Amino acid sequence: MLQLSLILLMIGLGLYGLATSRHLIKSIIFLNVLEAAVILFFLRLFYLPEGTAPIITSLGGEAVDPLPQALMITTIVIGASVTALALMMSIKIYHQYGTLDWKILLEKEDNQ
Amino acid sequence: MIKKLMLLLMFGFIFLYALTATAPLADSFPETSIGETVIHRGYDETASKNLVAAILLDYRLFDSIFEAGILLISAAGVLYMSRSSGFSKPFPRAKEAAVPKDSDSILAVSRILYPFMLLFGFYIIVFGDLSPGGGFQGGVILATARLISVYIPEKASENTDPLNRLEKILFLCLLSLGLISLFTRGAPFTNFFSGSVDPEFRRLFLVLLNLLIGLKVSSGLTIIFIRFIKEGK
Amino acid sequence: MYLILYGLIIFFIIIMLREKESLRLIIYFAVFSLLMSVLYFLYHAYDVALAEIAIGSALLPLFFIIALGKQKNFVVVSRVEDGFFSEKEDSPGFKLLERFTNSFNLTLDIFFEHHMHIKGAFRERNVDLIIVKSHRDGKYVFIMKKSSVLHHKLQRLLLEDPRIRFEVVEEDEIYD
């Protein structure tokens, strides 16, 4: 219970950082933080304290559910490609506007 | 200040709501029925000891192939954005900026590390069905090894076109490898050996698939990386 | 064990929230990813931990650092190309600018355009500094925009040089 609430706190902090950061790079970083926290939430939910990893060995024991883990690997790979695309966009935005500050960027957008 | 306070209040409310919603889940240890099936029958059906790889490479192979396709799309997007003239720098560059030289110790360490990283990446890829790992993870490690090789002057090549072509060809290979089972077993996107064959032979399909996915992921990430470095030059 | 890791992770998130400098932020993010992957490992998700440690703490920080490195250019457009300021590395103007950019860790980009329109150049083309030669007193005029943080520092550096006059303009009304 305590662990789940701490993970929810992480998700909340990630959302807060995403909403309040003024620097574009910082926003992208907090998007990744949020994603990692959500992955942790799913893994914690399907965690058996006395279980083993979902790999068949001679040791035996009850394995953890492998389905959420397979989905989370998909999430990580897609998150990496989204981040790469977002970073390229940030470079282009910097070259065109000369700043990465959300506030100044929005002002420039309004002026045009 | 008021804005931040409101935001904090809002997130606090969401946090409390999520807490009450997830409280009954904390001690119940839920298990999906699919997961149970995979644990009990996974090795017999897919010949993969790593059950996560069994799901990724057999049960939902269709999804995995197009997940690799997303990386292709991302690399294409980066290529497009870095080449498009509408956004790029308005002036021709008159003089190369003075780039500080890399230190000798970095160069020496990367020379030693480079083959070991390649070895580790291929190990992770090839043994992806027996131990933790697989195409995606090994591909990322291979890409990281390529990033290190940028520091080695005689290995650095900056042309992304062959890599781009390689990635497309590998994606088509993946698709066709997934479709072979349509002719041998009558069902697409699964192992092309039937279930009665020895698992040691059926592993071949998984190793091939892992290799293709690994090479594809590493070439896609390398394209993205080289475009990042070359951007603005 | 778990609680220490959770505490460390939340501590790093809060540090990241308060951090203003981007390079340090990226290093904290790499550490955060490392701790996260340890937690994934403890939850018996070895594959996810391997993916997170390879992507989150090796590949993405590198991408972030490269993207950040691309955003530290100092773009100079010059209308003059003579003994004082030219492509040659020993011309005094070039040396001055190089000293300035080296002390602030910037990459110097110089373009020579003899017939450029200065009007709107700062806003549309992301130029940091324009160099013109004045017809009245023969001085070299360095034009910077007022919103740039660097103009005070460059002005202090150039104050002693008698050949240079310094001008600061508002972003939208450019002197021509």
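Residues numbered from 1 in each chain as written. Chains lettered and ligands numbered in written order. Predicted model: local features only at pLDDT ≥ 70, side-chain atom pairs only at ≥ 80, totals over all residues. Heavy atoms only, no water.

Asks: Got a minute to help me understand the overall build of chain A in this structure?
Replies: Check the secondary structure of chain A and you find four helices and zero strands. Secondary structure elements of chain A occur, N-terminal to C-terminal, as α-α-α-α. Here chain A holds 112 residues, and the buried ones make up 63% of them. The long-range fraction of contacts in chain A, counting pairs at least 24 apart against all pairs at least 6 apart in sequence, stands at 53%. For chain A, the exposed surface amounts to about 4,400 Å²; the carbon and sulfur share of it is 66%. (Helix = DSSP H or I, 4+ residues; strand = E, 2+ residues; numbered from the N terminus. Buried < 20%, exposed > 50% of the residue type's maximum accessible area, 1.4 Å probe, protein only. Contact = heavy atoms within 4.5 Å. Areas by Shrake-Rupley, 256 points an atom, 1.4 Å probe, with all protein chains shown as cover.)

Asks: What should I look at first to understand the overall build of chain C in this one?
Replies: Secondary structure assignment for chain C yields six helices and five strands. Going residue by residue from the N terminus, the α and β elements of chain C occur as α-α-α-β-α-β-α-β-β-α-β. Out of the 176 residues belonging to chain C, those deemed buried represent 55%. For chain C, the exposed surface amounts to about 8,400 Å²; the carbon and sulfur share of it is 57%.

Asks: Can you help me understand the interface of chain A and chain B in this one?
Replies: By a frequent convention, interface size equals the accessible area lost on bringing the separate parts together. Listed as interface residues are 41 residues of chain A and, on the opposing side, 47 residues of chain B. Together chain A and chain B conceal approximately 4,100 Å² of surface at their shared face, both sides included; 79% is due to carbon and sulfur atoms. For chain A, the biggest contributors to the area lost against chain B are Ile56, Met88 and Lys92 of chain A; these three give 16% of the whole. At the boundary of chain A with chain B, the tally comes to five residue pairs in polar contact (both at pLDDT 80 or more). When residues of the side of chain A that touches chain B are traced back to their parent elements, those giving at least two are helix H1 (2–20), helix H2 (24–45) and helix H3 (66–97) of chain A. For the side of chain A that touches chain B, the residue count by class is 31 nonpolar, seven polar and three charged. (Buried area = accessible area lost by both parts, 1.4 Å probe. Polar contact = N/O pair within 3.5 Å; in protein donor to acceptor, adjacent residues only side chain to side chain. Nonpolar A, V, L, I, M, F, W, Y, C, P; charged D, E, K, R; others polar.)

Asks: Explain a nonpolar patch on the surface here, please?
Replies: Together, Phe120, Tyr123, Phe127 and Leu130 of chain B line one region of the surface with nonpolar side chains, adding up to about 360 Å² of accessible area. In this structure Phe127 of chain B comes out as partly exposed when scored by relative accessible area, which is 33%. (Patch = residues over 30% accessible without salt bridge, like charges linked within 9 Å, V, L, I, M, F, W, Y side chains within 5 Å. Salt bridge = Lys/Arg side-chain N within 4 Å of Asp/Glu carboxyl O.)

Asks: Even after reading the chapter, I still don't get the interface of chain A and chain C, so can you show me in this structure?
Replies: With 49 residues of chain A in contact, the opposing surface of chain C contributes 40 residues. Buried surface at the junction of chain A and chain C, summed over both partners, amounts to about 3,900 Å²; 76% is from carbon and sulfur atoms. On the chain A side of the contact with chain C, Met10, Ile29 and Ile76 of chain A bury the most area, a combined 14% of that side's loss. Put simply, chain A and chain C have zero salt bridges between them. Our count for the contact surface shared by chain A and chain C stands at seven residue pairs in polar contact (both at pLDDT 80 or more). Elements that contribute at least two residues to the side of chain A that touches chain C include exactly H1, H2 and H3 of chain A. No other element matches the 14 residues that H3 of chain A contributes to the side of chain A that touches chain C.

Asks: When you look at the packing of aromatic side chains in this model, what are you seeing that I'm missing?
Replies: How two aromatic rings sit relative to each other is given by the distance of their centres and the angle of their planes. Residues and elements named next belong to chain C. Considering all chains together, one arrives at 18 aromatic pairs over all chains under this definition. Measuring from ring centre to ring centre gives 6.0 Å for Phe12 and Tyr28, while their planes differ by 55°; the resulting arrangement is tilted. Linking Phe12 in helix H1 (residues 2–18) with Tyr28 in helix H2 (residues 22–42), this pair joins segments that are 16 residues apart in sequence. Since its relative accessible area comes to 21%, Tyr28 is described here as partly exposed. (Phe/Tyr/Trp six-rings, centres within 6.5 Å; stacked < 30°, edge-to-face > 60°.)

Asks: How do you make sense of the UniProt feature "transmembrane region" (unreviewed entry) in chain A when you look at a structure like this?
Replies: All names here are of chain A. The sites that UniProt annotates as "transmembrane region" (unreviewed entry) are residues 6–21, 28–47 and 67–87. A distance of 22 Å separates the end C-alpha atoms of residues 6–21, which is 94% helix and 0% strand. Structurally, residues 67–87 is divided into 100% helix and 0% strand, and its ends, taken at the C-alpha atoms, are 31 Å apart. (UniProt positions renumbered as here; feature names shortened; annotations may be inferred.)

Asks: Explanation requested: the side chain of Asn210 of chain B in the structure shown.
Replies: Residue and element names in this part refer to chain B. Along the chain, the position of Asn210 falls in helix H8 (residues 199–230). The class of Asn210 is buried, set by a relative accessible area of 2%. Excluding anything up to four places from it in sequence, Asn210 contacts Leu57, Ile125, Gly128, Asp129, Gly134 and Gly135.

Asks: Looking at this structure, how should I read the pairing of strand E4 (residues 140–145) of chain C?
Replies: Regular strands have side chains that alternate between both faces of the sheet. Residue and element names in this part refer to chain C. For E4, the buried fraction is high: six of the six residues fall into the buried class. Burial along E4 is two-sided: the face carrying Tyr140, Phe142 and Met144 and the face carrying Val141, Ile143 and Lys145 are both buried. In terms of strand pairing, strand E3 (residues 129–133) meets E4 through five bridges, oriented antiparallel. By the bridge assignment for E4, Ile130 is matched with Ile143. (Pairing = 2+ DSSP bridges.)

Asks: Sorry, what's going on with the pattern of salt bridges here?
Replies: If charged atoms from side chains of opposite charge come close, those side chains can pair. Applying the stated rule across the entire model yields seven salt bridges over all chains. For Asp129 of chain B, the salt bridge identified is with Arg203 of chain B, shortest N-O distance 2.8 Å. A residue pair is termed long-range when its members are at least 10 positions apart, and Asp129 of chain B in the loop between helix H5 (104–126) and helix H6 (135–149) and Arg203 of chain B in helix H8 qualify at 74 residues. Classification of Asp129 of chain B by relative accessible area gives buried; the value is 0%. Where Glu21 of chain C meets Arg24 of chain C, a salt bridge forms, and the shortest distance between an N and an O atom there is 3.1 Å. Looking at Glu21 of chain C, the relative accessible area reads 39%, which means it is partly exposed. Taking relative accessible area as the criterion, Arg24 of chain C reaches 44% and is therefore assigned partly exposed. Shared partners join several salt bridges into a network, and the residues in it are Glu19, Glu21 and Arg24 of chain C.

Asks: Would you mind going over helix H1 (residues 2–22) of chain B with me for this structure?
Replies: Side chains three or four residues apart in an α-helix point the same way, a direct result of the helix having 3.6 residues per turn. Helix length check: H1 of chain B, at 21 residues, gives a terminal C-alpha distance of 30 Å against a target of 30 Å (1.5 Å per residue), a fit within 8%. Within the sequence span of H1 of chain B, burial applies to Phe11, Leu19 and Thr22 of chain B. The buried residues of H1 of chain B occupy an angular sector of 80° when projected down its axis, which confines them to one face. Of the exposed residues in H1 of chain B, those oriented more than 90 degrees away from the buried face are Ile2, Leu5, Met6, Leu9, Phe13, Leu16, Tyr17 and Thr20 of chain B. Looking at the buried side of H1 of chain B, the elements it contacts are H1 and H2 of chain A. (Expected span 1.5 Å × (residues − 1). Arc of directions from axis to C-beta.)

Asks: Sorry if this is basic, but what is going on with the packing of H2 of chain A against helix H3 (residues 46–69) of chain C here?
Replies: To describe two helices that pack against each other, one gives the angle between their axes and the distance between the axes. At a minimum axis separation of 12 Å, H2 of chain A and H3 of chain C run at an interaxial angle of 175°. Between H2 of chain A and H3 of chain C, the angle falls in the class roughly antiparallel. For the pair formed by H2 of chain A and H3 of chain C, the contact residues are Ile25, Ile28, Ile29, Asn32, Ala36, Ile39 and Leu43 of chain A on the first element and Val48, Glu52, Leu60, Phe64 and Leu68 of chain C on the second. Classifying every residue of the contact of H2 of chain A with H3 of chain C by side-chain character gives 10 nonpolar, one polar and one charged. (Axes fitted to C-alpha atoms, helices over the stretch in contact; angles between N-to-C directions. Parallel < 35°, antiparallel > 145°, perpendicular 65-115°, else oblique.)

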